[in-house]
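Results of the structural survey
If you want the building blocks of each chain, they are given just below.
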Amino acid sequence: MRPTMRAALIAILAVIFAALGVNRSQPHAASTEPEVALISIDGSINPAVATYVEDTINYAEAAKLAAVVIELDTPGGLLTSAERIVKTILGAKVPVIVYVAPSGASAASAGTFITEAAAVAAMAPGTTIGAAHPVEEGGGEVTGVMGQKIENFAATWARTIAEQRGRNQDWMEAAVRKSAAIGEREALAKHVIDIVAPDLRSVLTQASGRSVQVGGKTITLALADADVQRIPMTFGQRILNTLSDPNIVYLLLMAGMVGLYFEFAHPGVIFPGVAGAICLLLALASFEVLPINVTGLLLIFLGVGLLIAEAFVTSYGILGLGGVTAFVFGSLFLIDTSKTNLQVNRGMIFGAAAALSIIILGLGYVVARERRRKARTGVEGLIGEVGEVREPIGPGKPGKVFVHGEIWRASSTGAIDTGARARVTAIHGLELEVQRLP
């Protein structure tokens, strides 16, 4: 898909979901205490999160708030979304504080760049930061000239962010080139962050009195007694954020394919087809948010096609084995991890492969068995049925026979008297051919 078309589709989705959203809180009435906006990022860095940060900072600037605090816990995400967030934070006209919290949280990969871009970087006890090395589609190290280019770009970008905020440039480069990761105490000692604090109020207290660069000016923070206004995601942003989870997208894709297959195998059930179509469309919408490997997606479709063919073609398991293999490899390559460290859970992939194989082959077996079964209804169902002669039948002289609760015109090569029993042997239009029973 062309970049312009992809960008247009993402924009359309954003407008639709934004229309479903709720309005931001209006600025509070004038208060004697400064006010800060607080947002929480707990999950991957994706376009929905980037929009969330941009909207909040724009709101804080318009409301003339004292600062924006981003409470961060992320395993990483899309580099393009991280670039948007970093650009927004560095260009903000209001101080932005990134607080890696709660204990046990991390600012890994893309989260490292976001934390370092903050005017004040803080971490809670028991948190980590780092491991920002780019990876390839299979999750390994990017090699060759392209890998060197990507690594050099990320390392230079990291140094630039650290330099602008006056932090440890060498460690930032090591986080990219060597996947360095450290805890909060070491991060403070190496001047990777500015504050270690057990809670948000402690962060605001320690940040007070610090001079930071905001909008080309140096300002002194006074946040010790600031009121905190929590800003939630809009409904539309929550939807996009959910659809940016590779595991959710993968489950939607599986549900969509199974639902449509069930509908095609059993026409008229309706619900599986409707549910499957909705799931598949939501999955396709997610493909405009996540970096999807087209080869992986085609392998998944090929695998499903081979599994369906196995149910109707005698291949002695070859089509089924090929289908499962293509499905598993397609699932492993579905997310382009050269652009993100997010990936589909491996256990989910193997579980889905087993479940999908059982479902498709099971439904295929049922359909094939039903198709081989003798017809019991309709005109075809009359063949072999036994009825009662209601009007004498003779050679060249049709009579009447009662069969299947109906009276039919019937003919026979021999004479059959009224009340005798006769078996249907053939059907010629609206006339049955019968044979007298002994």
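Here, every reference points to the structure presented above.
To start, this report covers the structure provided alongside it. (Residues numbered from 1 in each chain as written. Predicted model: local features only at pLDDT ≥ 70, side-chain atom pairs only at ≥ 80, totals over all residues. Heavy atoms only, no water.)

Here we look at the packing of aromatic side chains
Evaluation of the coordinates by the stated rule reveals four aromatic pairs. Arranged with centres 4.6 Å apart and planes meeting at 25 degrees, the rings of phenylalanine 113 and tryptophan 157 form a pair that is stacked. Here the residue phenylalanine 113 occupies a position in helix 4 (residues 110–117), and tryptophan 157 occupies one in helix 5 (residues 144–164), the gap between them amounting to 44 residues. Each member of the pair, phenylalanine 113 as well as tryptophan 157, is classed as buried. Both rings, one in phenylalanine 153 and one in tryptophan 157, keep their centres 6.4 Å apart while their planes meet at 10 degrees; by these two values the pair is stacked. With phenylalanine 153 and tryptophan 157 both in helix 5 and four residues apart, this pair spans about one turn of that helix. Taking the relative accessible area as the measure of exposure, tryptophan 157 reaches 16% and is therefore buried. One aromatic cluster is present, built from ring pairs that chain together Phe113, Phe153 and Trp157. Sitting over the face of the ring of phenylalanine 402, arginine 390 holds its NZ or CZ atom 4.4 Å from the ring centroid. (Phe/Tyr/Trp six-rings, centres within 6.5 Å; stacked < 30°, edge-to-face > 60°. Helix = DSSP H or I, 4+ residues; strand = E, 2+ residues; numbered from the N terminus. Buried < 20%, exposed > 50% of the residue type's maximum accessible area, 1.4 Å probe, protein only. Lys NZ or Arg CZ within 6 Å of the ring centre and 35° of its normal.)

Quick word on the nonpolar core
In terms of nonpolar packing, the biggest core is built from 54 residues, with Ile45, Ile70 and Phe113 touching the most fellow members. By residue number, the principal contributor to this core is helix 2 (residues 47–63), which donates eight residues. Setting aside anything within four residues of it in sequence, one finds isoleucine 45 in contact with Leu72, Thr74, Gly76, Gly77, Leu78, Ser81, Ala82, Ile85, Ala110 and Ile114. Leu243, Phe327, Ile349 and Leu356 belong to the second-largest nonpolar core, a separate cluster that totals 25 residues. (Core = buried A, V, L, I, M, F, W, Y, C linked by side-chain atoms within 4.5 Å. Contact = heavy atoms within 4.5 Å.)

Some words on the side chain of serine 411
Counting through the fold element by element, serine 411 comes out in strand 14 (residues 406–411). What serine 411 contacts, discounting residues up to four positions off in sequence, is Ile393, Pro398, Glu431, Leu432, Glu433 and Val434.

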